[in-house]
Amino acid sequence: MAMPTRRLGALKVGAQGLGCMGMSDFYGTGDDAESIATVHRALDLGVTLLDTSDMYGYGANEELVGRAIAGRRDDVALATKFGVVRTRDDSMARSVRGDAAYVRQACDASLRRLGVDHIDLYQQHRVDPTVPVEETVGALAELVAAGKVRHIGLSEASAETIRRAHAVHPITSVQSEWSLWSRTIEDDVVPVCRELGIGIMPYSPLGRGILTGRYRSTDDFEEGDFRRTSQPRFAAGNLERNLEFVRALEKLARARGVTAGQLALAWVHSHGDDVVPIPGTKRRSRLAENLAAVALTLSAADVAAIEQAVPADQVVGARYSPDRMTLLE
């Protein structure tokens, strides 16, 4: 079956994208050859939206994606992000920049690493609280006028910021964490996006992998995987409680003859044709499983049962460690 398409604002893409972060960073060691093969296979299966960022692997992920799409640029809606500045010392400290000069500098650097002449969707990774969003979006609008960027987006922005940004230049999409165990955007971000005709790009739609049922302990994660040390929901005590919800989801999935991950992804897809989730994987073996969720249709009763199995208000632990939470609006 051909991959259906959806719209993120004015940008037409395959109904499910591919998050590329884990190929280079945060989720243990990577295998560039397998990652490139995964991107190629995704494109063959109808995926068009590839998402990366200049902070993943300190730019290495953009370089990897650039190599993967060489010769296939016309098949890709290329999304990347700017704005999170990481240090390379042991503190791994992060700051946020959204000033106009930095926006222009970051875009040129991303174009070089990606090896392309334009970015299809350029997103502010985190909102800079010290710079009016009007300045940031004004600089992005200049990049659109210059032909370096086709569409612009925001990530983890509040409803108020989205309104202010959209008043300066049309925002194509908002990227935020949205899954069965992260549902806060449903209260205000989703409604304002729909009011303004902005698409929604859920990242971590599988709850950073926990909703697949593949993980039972932090020992299941490689050394260097940030879920071992800096994800409160995976911490001792919290993980055991959260796994109870996963087991309930697995029971529903078995009754449907699908995997827990497919059911979790289908739940995200069920929220509307303006929703394009970007589950990440660095292996071809997991790609087909994720993409099969696109064809899985859920009834209202199915959705209710899934939400009862994984009640978001009972998930234990914050989305990020305290220092990372300060970067969210």
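Residues numbered from 1 in each chain as written. Predicted model: local features only at pLDDT ≥ 70, side-chain atom pairs only at ≥ 80, totals over all residues. Heavy atoms only, no water.

Per an unreviewed UniProt entry, the recorded name for the protein is Aryl-alcohol dehydrogenase-like predicted oxidoreductase, and the organism is Actinocrispum wychmicini.

A. Molecular detail of the packing of helix α7 (residues 238-256) against helix α8 (residues 260-269). At a closest axis distance of 8 Å, the pairing of α7 and α8 adopts a crossing angle of 95°. If you check the angle between α7 and α8, you find them roughly perpendicular. Contacts between α7 and α8 pair L249, E250, L252 and A253 from the former with A260, L263 and A264 from the latter. Looking at side-chain class alone, the contact of α7 with α8 contains 6 nonpolar, no polar and 1 charged residues. (Axes fitted to C-alpha atoms, helices over the stretch in contact; angles between N-to-C directions. Helix = DSSP H or I, 4+ residues; strand = E, 2+ residues; numbered from the N terminus. Parallel < 35°, antiparallel > 145°, perpendicular 65-115°, else oblique. Contact = heavy atoms within 4.5 Å. Nonpolar A, V, L, I, M, F, W, Y, C, P; charged D, E, K, R; others polar.)

B. Inspection of unusual backbone geometry at higher detail. The residue E156 is not glycine, and still its phi comes out positive at about 55°. As for its placement among the helices and strands, E156 is situated in the loop between β9 (149-155) and α5 (159-168). Look at E156 and you get buried, because its relative accessible area is 6%. (Buried < 20%, exposed > 50% of the residue type's maximum accessible area, 1.4 Å probe, protein only.)

C. Inspection of the nonpolar core at higher detail. The biggest cluster of nonpolar side chains holds 83 residues, and the ones touching the most others in it are L18, L50, Y122, I162 and L249. Those residues within four positions of I162 in sequence are excluded, and the remaining contacts are L154, A157, V174, V189, V192, C193, L196 and I198. Counting residues in hydrophobic clusters, the runner-up holds 11 residues, among them L49, A77, L121 and V276. (Core = buried A, V, L, I, M, F, W, Y, C linked by side-chain atoms within 4.5 Å.)

D. Region of interest: the pattern of salt bridges. Considering all chains together, one arrives at 19 salt bridges under this definition. The shortest N-O distance in the salt bridge between R73 and D120 comes to 2.9 Å. Of this pair, R73 sits in the loop between α2 (60-69) and β5 (77-82) while D120 sits in strand β8 (residues 119-124); the two residues are 47 residues apart in sequence, bridging distant segments of the chain. Across the pair, D120 and R73 agree in class, each one buried. As a salt-bridge pair, E134 and R164 come within 2.8 Å of each other at their nearest N and O atoms. Of the two residues, E134 sits in helix α4 (residues 133-145) while R164 sits in helix α5, which places them 30 residues apart along the sequence. Residue E134 is classed as partly exposed on the basis of its relative accessible area of 32%. Counted as one network, the salt bridges with shared partners bring together D44, R72 and D75. (Salt bridge = Lys/Arg side-chain N within 4 Å of Asp/Glu carboxyl O.)

E. Spatial organisation of the pairing of strand β1 (residues 5-8). Because side chains alternate across β1, one face comprises the buried residues R6 and L8, and the other comprises T5 and R7, none of which is buried. The turn linking β1 back onto strand β2 (residues 11-14) is made up of 2 residues, and G9 within it adopts a positive phi angle of 55°. (Pairing = 2+ DSSP bridges.)

F. Molecular detail of the sheet that holds strand β4 (residues 49-51). The strand order across the open sheet formed by 7 strands is β3-β4-β5-β8-β9-β10-β11, and the pairing between neighbours is parallel. Every interior strand has two partners, whereas the edge strands, β3 (18-19) and β11 (199-203), have only one. Of the pairings in the sheet, the one linking strand β10 (residues 173-177) to β11 comprises 5 bridges and is parallel in character. Within β11, the position partnered with Q175 by the bridge is M201. Running at roughly 135° to β8, helix α3 (residues 100-114) makes contact with β5, β8 and β9 of the sheet.

G. Structural view of the pairing of β8. Taking burial as the measure, the 6 residues of β8 include 6 buried ones, the bulk of the element. The pairing of β5 with β8 spans 4 bridges and is parallel. When the sheet's bridge partners are listed, A79 is paired in β8 with L121. Where β8 meets β9, 5 bridges bridge the pair, whose relative direction is parallel. Bridging across to β9, Y122 finds its partner in I152. Note that the unit made of β8, α4 and β9 has a crossover that is right-handed. (Right-handed = clockwise from strand over helix to strand, strands pointing away.)

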